[in-house]
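# A structural walkthrough
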Amino acid sequence: MSQYYCRINAYCESFSLLWLALTLLLVLCVIPYTDAQTEKEFIKKHVRPHNLLQDSCNESMQEINGRGNCKPINTFILDNISNVRQVCSNGRYLDIRLWHNNYYKYYESNRNFNIVNCTLIRNSKPPICRYKHINGSEHIFVACDQNDRPVHYGQPRPHTNENHAY
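What you see is a predicted model, and the numbers here were worked out from it, not measured in a lab. (Residues numbered from 1 in each chain as written. Predicted model: local features only at pLDDT ≥ 70, side-chain atom pairs only at ≥ 80, totals over all residues. Heavy atoms only, no water.)

### A short note on the packing of aromatic side chains
Summed over the entire model, instances satisfying the criterion amount to 1 aromatic pair. Arranged with centres 5.7 Å apart and planes meeting at 70°, the rings of Tyr93 and Tyr107 form a pair that is edge-to-face. Taken together, the residues Tyr93 in strand S3 (residues 92-99) and Tyr107 in strand S4 (residues 102-108) connect sequence positions 14 residues apart. Using a relative accessible area of 9% as the deciding quantity, one classes Tyr107 as buried. The positively charged end of Arg111 is found above the aromatic ring belonging to Phe113, 3.9 Å away from the centroid. (Phe/Tyr/Trp six-rings, centres within 6.5 Å; stacked < 30°, edge-to-face > 60°. Helix = DSSP H or I, 4+ residues; strand = E, 2+ residues; numbered from the N terminus. Buried < 20%, exposed > 50% of the residue type's maximum accessible area, 1.4 Å probe, protein only. Lys NZ or Arg CZ within 6 Å of the ring centre and 35° of its normal.)

See below:
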């Protein structure tokens, strides 16, 4: 009887380990993969509460690029974050999209914002990325998270089956 019990016990231990592994795998699959940008990252990449001076594009883009990369273009919104947040709550609703397993609502501002486009100068390569500074004033487009916080800048891209939220 003790041999039979050991066989069943060994089987139960193996089964328990397998069950634990499968449960853990399932939990990891259910937890959404998130490469989503946060509001803090959005602010770092796109919001400046003051006017950027001509040379500031180079400095501001250094913070964004890091090492070994020259982002081709980046837009800075020259306003405070509370005014940009208003786009999420009062802007014109455009669409909802799935991006990195999260749904984001896209909005267009009801007013023009002062912006600066920092555009990479041709033949500029890391580690020294040089940018052209172009001022503008236009409606802005932002993607907002579930808490009405801006997390991405730009218009929603055309629909494809894999990223449209029905």
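From this point on, the discussion continues.
### Describing the sheet that holds strand S1 (residues 47-48)
Here we have 4 strands laid out as an open sheet, ordered S1-S2-S5-S6, and mixed in their pairing. Of all the strands in the sheet, the pair left with one neighbour each is S1 and strand S6 (131-138). Both strand S2 (residues 73-78) and strand S5 (residues 113-120) contribute to a ladder of 5 bridges, which runs antiparallel. By the bridge assignment, Phe76 is partnered in S5 with Val116. Along the sheet, helix H2 (residues 39-46) makes contact with S1 and S2, crossing S2 at roughly 100°. Across the sheet, helix H3 (residues 56-65) lies against S1, S2, S5 and S6, angled at about 95° from S6, the strand it touches most. (Pairing = 2+ DSSP bridges. Contact = heavy atoms within 4.5 Å. Axes fitted to C-alpha atoms, helices over the stretch in contact; angles between N-to-C directions.)

### Some points on the side chain of Asn65
Mapping Asn65 onto the fold places it in helix H3. By relative accessible area, which is 9% here, Asn65 ends up buried. Within polar-contact distance, the side chain of Asn65 engages the backbone nitrogen of Lys71 at 2.9 Å. Among the polar contacts listed, one links the side chain of Asn65 to the side chain of Tyr131, at a separation of 2.9 Å. (Polar contact = N/O pair within 3.5 Å; in protein donor to acceptor, adjacent residues only side chain to side chain.)

### Focus on H2
Where H2 is concerned, the buried positions are Glu39, Phe42 and His46. For H2, the buried positions fall inside an angular range of 55° around the axis, keeping them on one side. Close packing links the buried residues of H2 with S1, S2, helix H4 (81-90), strand S7 (141-144) and strand S8 (150-153). (Arc of directions from axis to C-beta.)

### Brief notes about the packing of H2 against H4
Between H2 and H4, whose axes approach to 12 Å, the crossing angle comes to 115°. Helix-helix and strand crossings are classified by hand; for H2 and H4 the assignment is right-handed. Here Glu39, Phe42 and Ile43 of H2 lie close against H4, whose contacting residues are Ile81, Val84 and Arg85. Along the lines of polarity and charge, the residues of the contact of H2 with H4 split into 4 nonpolar, no polar and 2 charged. (Left-handed = near helix turned anticlockwise from the far one by under 90°. Nonpolar A, V, L, I, M, F, W, Y, C, P; charged D, E, K, R; others polar.)

### Quick notes on the nonpolar core
Judged by nonpolar contacts, the single largest core of 13 residues is most densely connected at Phe42, Ile77, Val84, Val87, Phe113, Ile140 and Val142. Elements that contribute at least two residues to this core include exactly H4, S5 and S7. Residue contributions to this core peak at 4 residues, all from H4. Residues in contact with Phe42, not counting those within four places in the same chain, are Gln37, Val47, Ile77, Ile81, Val84, Val142, Pro150, Val151, His152 and Tyr153. Within the second largest apolar cluster, 10 residues are counted, among which are Cys70, Val116, Cys118 and Cys129. (Core = buried A, V, L, I, M, F, W, Y, C linked by side-chain atoms within 4.5 Å.)

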